[in-house]
Amino acid sequence: MKIPATKNNWQTLVRVFKRSVIRIRNKSNSTSIVTTDKPQDALTIASPRTSHPATEDRKECAKYLCSLTNNNELRPRLSTVLRDQRAHEAFRIFLKGEYSDENINFWSDVESYKTLEDVEKRDQIANTIFSTYLKTDASFEINISHETKAEIVQLMKAYDHIHTSTAFNRAQNEIFYLMESDSFKRFLSSNMESSINAPIGG
């Protein structure tokens, strides 16, 4: 007897299908709205996917991740990984392989957005972030609460296209904790098997 798919399963399948179509259309292109030297500071909307790193790459990654730990911790914190150029990139590649890189891309794009001082540029990027990650049925729609999404919609309308640097903070925090409680644990387990049972902090 077939078990009917849940709503979340269908949503996941739809997202994977959409991204597969986009990957075919843009397989040799990536879009960067803000160009900086650090990948975590640049908007990385609709970047092409790559596969998981090879075994040797994972070993090297594990060694580097261990170097990011503090005091007696066996694993680095998500906040440390996100703000380290090399570790950030490794995590992003891992998420691409899981078809969930919209989370780290959104987090990174909001970080970049918050540094913008030019009002017109900030307005442009705010609309780009909203249409890419937050608009219903967006190609890279992120999973946040209905209340948070509604709040962002109201903020964007209320400020009449002059958006504050904190407009996406609540959504960014939700995505951070989503990654921390789910995909980040798998990323560490995949690359740091010897410390698989160690507690993971943020």
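Only a predicted model underlies this, so the values are computations on that prediction, with no experimental measurement involved.

Asks: Whenever I open this one, the packing of aromatic side chains confuses me. Can you help?
Replies: By convention here, two paired aromatic rings are described through the distance between centres and the angle between planes. Tallying each qualifying case throughout the model produces seven aromatic pairs. Where Phe 106 meets Tyr 133, the ring centres are 5.5 Å apart and the plane angle is 70 degrees; that geometry is what we call edge-to-face. Taken together, the positions of Phe 106 in helix 5 (residues 102–114) and Tyr 133 in helix 6 (residues 119–134) put the pair 27 residues apart, joining distant regions of the chain. The exposure class assigned to Tyr 133 is buried, which follows from its relative accessible area of 1%. Through pairs of rings, three or more aromatic residues link up here, namely Phe 91, Phe 94, Phe 184 and Phe 187. Directly above the ring of Tyr 64 sits Arg 86, whose terminal nitrogen or CZ lies 4.4 Å from the centroid.

Asks: Would you take a moment to explain the confidence of the model for the protein chain for this structure?
Replies: Any region with low pLDDT has predicted coordinates that should not be read closely. Considering every residue of the protein chain, the mean pLDDT works out to 76; 65% of them sit at 70 or more. Mean pLDDT in the protein chain bottoms out at helix 1 (residues 7–25), which sits at 48, and peaks at helix 8 (residues 169–181), which reaches 97. Residue range residues 1–7 is modelled with pLDDT below 50. Its contacts to residues more than four positions away, or to other chains, number one contact. Low pLDDT (under 50) marks residues 194–199, which in the prediction has seven contacts with non-local residues, meaning those over four places away or in another chain.

Asks: What's the story with the pattern of salt bridges in this structure? I'm lost.
Replies: Scanning the model with the defined rule gives nine salt bridges in all. Residue Glu 89 is joined to Arg 92 by a salt bridge in which the shortest nitrogen-to-oxygen separation is 2.3 Å. Of this pair, Glu 89 and Arg 92 both sit in helix 4 (residues 85–97), three residues apart, which is roughly one turn of the helix. The exposure class assigned to Glu 89 is partly exposed, which follows from its relative accessible area of 25%. Take Arg 92: its relative accessible area is 11%, and that puts it in the buried class. The residue Arg 170 makes a salt bridge to Glu 151 at a minimum N-O spacing of 3.0 Å. A residue pair is termed long-range when its members are at least 10 positions apart, and Arg 170 in helix 8 and Glu 151 in helix 7 (residues 146–158) qualify at 19 residues. If you follow the salt bridges from partner to partner, you end up with Arg 83, Glu 111 and Lys 114 in one network.

Asks: What is the right way to look at helix 5 in this model?
Replies: Since there are 3.6 residues in each turn of an α-helix, residues three or four apart along the chain are aligned in direction. For helix 5, built from 13 residues, the straight-helix expectation of 18 Å at 1.5 Å per residue is met to within 8% by its first-to-last C-alpha distance of 18 Å. Taken across its 13 residues, helix 5 has 12 buried, putting it largely inside the fold. When helix 5 is considered as a whole, its buried residues turn out to be Glu 102, Asn 103, Ile 104, Asn 105, Phe 106, Trp 107, Ser 108, Asp 109, Val 110, Glu 111, Ser 112 and Tyr 113.

Conventions we followed
- Residues numbered from 1 in each chain as written.
- Predicted model: local features only at pLDDT ≥ 70, side-chain atom pairs only at ≥ 80, totals over all residues.
- Heavy atoms only, no water.
- Phe/Tyr/Trp six-rings, centres within 6.5 Å; stacked < 30°, edge-to-face > 60°.
- Helix = DSSP H or I, 4+ residues; strand = E, 2+ residues; numbered from the N terminus.
- Buried < 20%, exposed > 50% of the residue type's maximum accessible area, 1.4 Å probe, protein only.
- Lys NZ or Arg CZ within 6 Å of the ring centre and 35° of its normal.
- pLDDT = per-residue confidence, 0-100.
- Contact = heavy atoms within 4.5 Å.
- Salt bridge = Lys/Arg side-chain N within 4 Å of Asp/Glu carboxyl O.
- Expected span 1.5 Å × (residues − 1).

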